[in-house]
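# Residue-level structural notes
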Amino acid sequence: MTRLFALAAAVLLAGCASAPLPGSVAREDLAARVVPGQTTKSELLATLGKTRAVVFDSRFEAWLYEIPAGAGRYTEFVVLLDPQGVVRKTRRGPTGPAQ
C-alpha cells in the first residue's frame, strides 16, 4: 500500500496544478477533518471540495489538494481513498511555489 501511495503522489505531482483548499479550512484543521480509516469520500468532498484525482485499476483513488502557505506558496495535501470510499492515508508534501 505504501508503494501505491507513493505512486499516486508521483502521478499527481507530475500533473498540472490542483485545486486549492477552500479558505475556510485551515492547515491545522486537516488532521481533525481528514482522519484515515474514518473520513469518507462524501465527507471529503463536503469539507474540501473536488480536486485533481487519479483512479487506479484497484479502484483506489489519490486526490491532490494545494494548501495556501502564504507568499504565493503552497503545501501539497495528498489523500488516498480505498475502493469503499474511505480515506486510508494522507500526506503533506513540502511547500513550493504555486503552479
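Residues numbered from 1 in each chain as written. Predicted model: local features only at pLDDT ≥ 70, side-chain atom pairs only at ≥ 80, totals over all residues. Heavy atoms only, no water.

The chain carries the name Lipoprotein SmpA/OmlA domain-containing protein in an unreviewed UniProt entry, which gives Massilia agilis as its organism.

Among the nonpolar cores identified, the biggest contains 11 residues, and these are Leu30, Val34, Leu44, Leu48, Trp63, Tyr65, Ile67, Phe77, Val79, Leu81 and Val87. Only helix H3 (41–48), strand E3 (61–70) and strand E4 (73–81) provide two or more residues apiece to this core. By size, the runner-up hydrophobic cluster in this structure holds 5 residues, among which are Val54, Phe56, Phe60 and Leu80. (Core = buried A, V, L, I, M, F, W, Y, C linked by side-chain atoms within 4.5 Å. Buried < 20%, exposed > 50% of the residue type's maximum accessible area, 1.4 Å probe, protein only. Helix = DSSP H or I, 4+ residues; strand = E, 2+ residues; numbered from the N terminus.)

Once that is clear, we can look at the pattern of salt bridges. If the charged atoms of two oppositely charged side chains come close together, the side chains can form a pair. Summed over all chains, the structure comprises 2 salt bridges. Here Lys41 and Glu61 are joined by a salt bridge, their closest N and O atoms 2.6 Å apart. Residue Lys41 is located in helix H3, and its partner Glu61 is located in strand E3; the two are separated by 20 residues in the primary sequence. The class for Lys41 is partly exposed, based on a relative accessible area of 29%. Residues Arg88 and Asp82 are paired through a salt bridge, measuring 2.7 Å at the closest nitrogen-oxygen approach. (Salt bridge = Lys/Arg side-chain N within 4 Å of Asp/Glu carboxyl O.)

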